[in-house]
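# Analysis of the macromolecular model
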Amino acid sequence: MQDEQGAVAEASARIDVLLAAMCERMLAGGIEHPAADAELILGHVLGESRGRVQALAIMREEISSTAAAAAVELTEERARRVPLQHLTGRAPFRSIELAVGPGVFVPRPETEIVAQFAIDALQLVPDPEPIAVDLCTGSGALALALAHEVPRARVWAVEKSREAHAWAERNVAEWGDDRVSLVQGDVTELAAITALAPLVGRVHVLVSNPPYVPSNMVPRDPEVRDHDPELALYGGLDGLDIVRNISRSARAFVVPGGSLVLEHAETQGRAIRELLTADGWRAAATHPDLTGRDRATTAVR
Ligand SMILES: C[S@@+](CC[C@H](N)C(=O)[O-])C[C@H]1O[C@@H](n2cnc3c(N)ncnc32)[C@H](O)[C@@H]1O
């Protein structure tokens, strides 16, 4: 199915054959496990679920050559390592699906576990209308998952980047249920954000997936390196600049007994527990994700 340049030369209209050609092209682009991407790209083109595409492939159904050509075009982009979510324009996150594209960090599956810690803490709050804050919200993923899964919660979300904020605005309009307030602001200057002033001492759960990549550790995957915004990735020399800031300045916003939930790299757990404890947070604990890597730390005010 490939010509000498490695491009998919012609698209079969039979779904199973087309999927195989798409996989071959993506493998040549360095994508190790392309089957899911192929099915999701084709599903996006056809307006069908991935499961439906799999069923159609098993039945060796055919699609129009126009649809096949559209799938091939997206496959070429994916093989050039454009993130799948930028091609489909959507990123699933827990039970919601966010609009994403250039200028915003694509929400990751590991952050779904971080969301779970925040949701569990929020659900335990006896207050009839618990308050959560998501710092560095990006697409709004954590804030919107919290609001969606804890329907009595009020959630504030803070994002610095104008581009990311615009994506979050769109997602808040779709999923926010009038309970998510989005603020454009710098979390390193929390006290200066007037919209947050009424929240001092009132926040039950503060969650953040901040930038935490050390500045000299450029990610290897082109999807991350070339397509996630730099502001979303890098957190200074040891990656912890924003975490240090949050630890110090966000404490004033959290009610005594309230929770802090942070995502971080697997090597950063101990440093984060130490700096949180030094700043007066209690019961700092680091938790493994489903693959056993330490990716979240929680603490209590
Ligand atoms: C790793 S991304 C996480 C996005 C989102 N929370 C998620 O989990 O998908 C970090 C986000 O923090 C934002 N950010 C970086 N520095 C910031 C700052 N000083 N104040 C507010 N937001 C910041 C970036 O623009 C980016 O959207």
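Description of the structure in this document.

Definitions and cut-offs
- Residues numbered from 1 in each chain as written.
- Predicted model: local features only at pLDDT ≥ 70, side-chain atom pairs only at ≥ 80, totals over all residues.
- Helix = DSSP H or I, 4+ residues; strand = E, 2+ residues; numbered from the N terminus.
- Rg over C-alpha atoms; globule rule 2.2 N^0.38 Å.
- Buried ≥ 20, exposed ≤ 12 C-beta atoms within 10 Å, placed from the backbone.
- Contact = placed C-beta atoms within 7 Å.
- Near = placed C-beta within 6 Å.
- Nonpolar A, V, L, I, M, F, W, Y, C, P; charged D, E, K, R; others polar.
- Pairing = 2+ DSSP bridges.
- Right-handed = clockwise from strand over helix to strand, strands pointing away.
- Axes fitted to C-alpha atoms, helices over the stretch in contact; angles between N-to-C directions.
- Parallel < 35°, antiparallel > 145°, perpendicular 65-115°, else oblique.
- Left-handed = near helix turned anticlockwise from the far one by under 90°.

Let us look at the overall build of the protein. Along the protein, the regular secondary structure elements total twelve helices and nine strands. Taking 2.2 N^0.38 as the reference for a compact globule, 301 residues should give roughly 19 Å; the C-alpha atoms of the protein span a radius of gyration of 21 Å, in line with that estimate. Taking all 301 residues of the protein together, the buried fraction comes to 44%. Within the protein, contacts between residues separated by at least 24 positions form 65% of all contacts whose residues are at least 6 apart in sequence.

As a structural note, the neighbourhood of the ligand is formed by 24 residues, with Cys136, Gly138, Lys160, Asn209 and Ala232 the closest of them. Within the residue set of the shell around the ligand, elements represented by two or more residues are helix H7 (141-149), strand S4 (154-159) and helix H10 (230-233). Grouping the constituent residues of the shell around the ligand by class yields 14 nonpolar, seven polar and three charged.

Most of strand S3 (residues 131-135) is tucked away: five of the five residues are buried. Taking every second residue as pointing to the same face, both faces of S3 are buried, with Ile131, Val133 and Leu135 on one and Ala132 and Asp134 on the other. The sheet contact formed by S3 and S4 spans five bridges and is parallel. Bridge pairing in S4 places alanine 132 opposite valine 155. In this fold, the crossover linking S3 to S4 by way of H7 has right-handed handedness. Judged from the four bridges that link them, S3 and strand S6 (residues 203-208) form a sheet pairing that is parallel.

With that settled, the discussion passes to the packing of helix H2 (residues 35-46) against helix H4 (residues 65-79). At a minimum axis distance of 9 Å, the contact between H2 and H4 shows a crossing angle of 135°. By the angle between their directions, the pair H2 and H4 is classed as oblique. By crossing handedness, the relation of H2 to H4 is classed as right-handed. Of the residues in H4, those in contact with Asp37, Ile41, Leu42, Val45 and Leu46 of H2 are Ala67, Ala70, Ala71, Leu74, Thr75 and Arg78. For the contact of H2 with H4, the per-class residue count stands at eight nonpolar, one polar and two charged.

Adjacent strands of a sheet pair through backbone hydrogen bonds, lying either parallel or antiparallel. With mixed pairing, seven strands are arranged side by side in an open sheet as S5-S4-S3-S6-S7-S9-S8. Each of the sheet's edge strands pairs with one partner strand only, and the pair in question is strand S5 (180-184) and strand S8 (282-288). Each neighbouring strand pair of the sheet contributes to a mean axis angle of 15°, computed without reference to strand direction. Here five bridges tie S8 to strand S9 (residues 294-300), and the two strands are oriented antiparallel to one another. Of the residues in S9, the one forming a bridge with proline 288 is aspartate 294. Across the sheet, helix H6 (residues 110-123) is in contact with S3, S6, strand S7 (254-263) and S9; its angle to S7 comes to roughly 170°.

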